[in-house]
Amino acid sequence: MENYIENLPEDENDELYEHHYFTVDKGQSPLRIDKYLMNRIENATRNKIQEGAKNGSIFVNGIAVKSNYKVKPFDVIRVLFAHPPYENLLVGENIPLDVVYEDDTLLVINKPAGMVVHPGHGNYSGTLINALIYRFDNLPNNSSDRPGLVHRIDKDTSGLLVIAKTEQAMAHLSLQFAEKTSEREYVAIVWGNIEEEEGTIEGNIGRHPKNRLQNTVFFGDEAYKGKPAITHYKVLERLGYVTLVSCKLETGRTHQIRVHMKYIGHTLFNDERYGGEKILKGTTFTKYKQFVENCFKVLPRQALHAKTLGFTHPKTGEFMQFNTEIPDDMQQCIEKWRTYIKHQEIE
């Protein structure tokens, strides 16, 4: 990667830290840089981006630009500030954890929906990492320098995570996830009535070319743009305009279940990032619209829970499996749909 800091004034070289780096795609049409960055930096507002440009923090090909600059194919964009990225300044916080299992090698926790796993843009405190470093000294770092983390789940996904407490556990568990010998089962509510009782979704997953906060499936001649991903699903219960499904991961790509289920036409219920917060199936009756909106209020997040986690213990060699109950918000939503289909004729 070419170091564009070399093009900056000498007295600024030691003060500026890179927070974001993007190379513009070759097919990009001219677009204001503030709009471009809004689609690529999570939790960033246009005001914040414009303020950054005004302060001289946004550089294109080594030159500071204003917010009305129009990006062109192959532009190299860097957002630089005088302070290090907040995610590098980890601070322990006394945050309670729901510990399902713990020994001297590892622990398994049941993460609530709404808790971010590791600090990042817009989420610098209240994360699982903050809780872990308060509770434990000298956790081993993973390949991304994140203490204890073997794998992660999205902020608004609830469920099970295993945390490594030793270097040996980190290496052993990470290998199991890489070699697909760990077991991960999720429960999801998805839009629509899935025809088959079970099936397998295969499709390479990579960053969406137009909205960098989403991932998408690439196939055919474009398959090389994504990484191989395999999800096995099974219908648990048909609830009219939605379906309760079990999803087992063979790979662990970012947003894998959310992307794969949308790919086959069954977006996760109330998944705002992928369009599931709209009414995707059902009638046009006002009463139905009100019913769905009430479901969204009960479950104000994507309907996804990491229910089962299995792995071989790094020290004892024993295969361990952990299960959790479906959380209350998802359970309430399921009950609402059960009641609804008892009293309605589904088209």
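Note that this is a predicted model, so its numbers are computed, not measured.

A look at the overall build of the protein chain
Here comes step 1: Each helix and strand counted, the protein chain has 7 helices and 17 strands in total.
Here comes step 2: The C-alpha atoms of the protein chain give a radius of gyration of 22 Å, which matches the 20 Å a tight globule of 347 residues would have.
Here comes step 3: In terms of its C-alpha atoms, the protein chain occupies a principal-axis envelope of roughly 70 × 55 × 40 Å.
Here comes step 4: In the protein chain, buried positions account for 48% of the 347 residues.
Here comes step 5: Once local pairs closer than 6 in sequence are excluded, the contacts in the protein chain between residues at least 24 apart make up 68%.
Here comes step 6: With an accessible surface of roughly 18000 Å², the protein chain has 47% of that area assigned to carbon and sulfur atoms.
Here comes step 7: Taken as two groups, the 42 positive and 47 negative side-chain charges of the protein chain have centres that lie 6 Å from each other.

Here's the deal with a nonpolar patch on the surface
Here comes step 1: Taken together, Phe219, Tyr263 and Ile264 make up a surface patch of nonpolar side chains, about 300 Å² in accessible area.
Here comes step 2: The topology assignment puts isoleucine 264 in the loop between α5 (256-263) and α6 (286-298).

Description of the packing of aromatic side chains
Here comes step 1: Counted by the stated rule, this structure contains 15 aromatic pairs.
Here comes step 2: Judged by centre distance (6.4 Å) and plane angle (70°), the ring pair of tyrosine 288 and tryptophan 337 falls under edge-to-face. Of this pair, tyrosine 288 sits in helix α6 while tryptophan 337 sits in helix α7 (residues 328-343), and the two are 49 residues apart along the sequence.
Here comes step 3: Here phenylalanine 291 and tryptophan 337 contribute two aromatic rings whose centre-to-centre distance is 4.8 Å and whose plane-to-plane angle is 85°, an arrangement assigned as edge-to-face. Of this pair, phenylalanine 291 sits in helix α6 while tryptophan 337 sits in helix α7, and the two are 46 residues apart along the sequence.
Here comes step 4: Since its relative accessible area comes to 0%, tryptophan 337 is described here as buried.
Here comes step 5: A connected cluster of aromatic rings, assembled from ring pairs, spans Trp191, Tyr241, Phe269, Tyr288, Phe291, Phe296, Trp337 and Tyr340.
Here comes step 6: The lysine or arginine in question, arginine 40, covers the ring of tyrosine 36, its NZ or CZ lying 3.8 Å from the ring centre.

Overview of the nonpolar core
Here comes step 1: Formed by 30 residues in total, the largest nonpolar core has its most connected members in Leu128, Ile257 and Met261.
Here comes step 2: Ranked by residues supplied to this core, first place goes to helix α3 (residues 128-135) with 4 residues.
Here comes step 3: Residue contacts for isoleucine 257: discarding those within four places in its chain leaves Tyr186, Thr231, Cys247, Leu249, Leu268 and Leu304.
Here comes step 4: With 21 residues, the next largest nonpolar core counts Leu239, Tyr288, Ile326 and Tyr340 among its residues.

With respect to the state of the cysteines
Here comes step 1: Scanning all chains against the criterion turns up 0 disulfides.
Here comes step 2: Cysteine cysteine 247 is unpaired, with the sulfur of cysteine 333 as its nearest cysteine sulfur at 16 Å.
Here comes step 3: Considering cysteine sulfurs only, cysteine 295 is the nearest to cysteine 333, which forms no disulfide, with 4.5 Å between them.
Here comes step 4: For cysteine 333, a relative accessible area of 0% puts it in the buried group.

Brief notes about the side chain of histidine 305
Here comes step 1: Position of histidine 305 relative to the elements: it lies in strand β16 (residues 304-312).
Here comes step 2: Among the polar contacts made by the side chain of histidine 305, one reaches the side chain of threonine 324 at a distance of 2.8 Å.
Here comes step 3: Excluding anything up to four places from it in sequence, histidine 305 contacts Asn110, Thr157, Ser158, Gly159, Glu185, Tyr186, Val187, Thr324, Glu325, Ile326, Pro327 and Met330.

A few points about the environment of histidine 208
Here comes step 1: If you trace the backbone, histidine 208 turns up in the loop between β12 (204-207) and β13 (215-218).
Here comes step 2: Sequence separation between histidine 208 and glycine 226 is 18 residues; the distance between their C-alpha atoms is 9.6 Å.
Here comes step 3: If we ignore the near neighbours within four places in the chain, the residues touching histidine 208 are Gln214, Asn215 and Thr216.
Here comes step 4: At 3.3 Å, the side chain of histidine 208 and the backbone nitrogen of asparagine 211 are in polar contact.

Considering the confidence of the model for the protein chain
Here comes step 1: Mean pLDDT for the protein chain: 89, with 90% of residues reaching 70 or above.
Here comes step 2: Looking across the protein chain, the model is least confident in strand β1 (residues 17-23), with a mean pLDDT of 83, and most confident in strand β8 (residues 106-111), with 98.
Here comes step 3: Scored below 50 in pLDDT, residues 1-15 shows 18 contacts in the model against residues more than four places distant or in partner chains.

A few points about the pattern of salt bridges
Here comes step 1: The final tally for this structure, using the stated rule, is 15 salt bridges.
Here comes step 2: Between lysine 72 and aspartate 75 there is a salt bridge, with its nearest N and O atoms 4.0 Å apart.
Here comes step 3: In this structure lysine 72 comes out as partly exposed when scored by relative accessible area, which is 43%.
Here comes step 4: Between arginine 135 and glutamate 102 there is a salt bridge whose closest N-O contact spans 3.3 Å. With a gap of 33 residues between them, arginine 135 in helix α3 and glutamate 102 in strand β7 (residues 99-102) connect regions that are remote in the sequence.

Definitions and cut-offs
- Residues numbered from 1 in each chain as written.
- Predicted model: local features only at pLDDT ≥ 70, side-chain atom pairs only at ≥ 80, totals over all residues.
- Heavy atoms only, no water.
- Helix = DSSP H or I, 4+ residues; strand = E, 2+ residues; numbered from the N terminus.
- Rg over C-alpha atoms; globule rule 2.2 N^0.38 Å.
- Buried < 20%, exposed > 50% of the residue type's maximum accessible area, 1.4 Å probe, protein only.
- Contact = heavy atoms within 4.5 Å.
- Areas by Shrake-Rupley, 256 points an atom, 1.4 Å probe, with all protein chains shown as cover.
- Lys, Arg positive; Asp, Glu negative; His and termini not counted.
- Charge placed at Lys NZ, Arg CZ, Asp CG, Glu CD.
- Patch = residues over 30% accessible without salt bridge, like charges linked within 9 Å, V, L, I, M, F, W, Y side chains within 5 Å.
- Salt bridge = Lys/Arg side-chain N within 4 Å of Asp/Glu carboxyl O.
- Phe/Tyr/Trp six-rings, centres within 6.5 Å; stacked < 30°, edge-to-face > 60°.
- Lys NZ or Arg CZ within 6 Å of the ring centre and 35° of its normal.
- Core = buried A, V, L, I, M, F, W, Y, C linked by side-chain atoms within 4.5 Å.
- Disulfide = S-S within 2.5 Å.
- Polar contact = N/O pair within 3.5 Å; in protein donor to acceptor, adjacent residues only side chain to side chain.
- pLDDT = per-residue confidence, 0-100.

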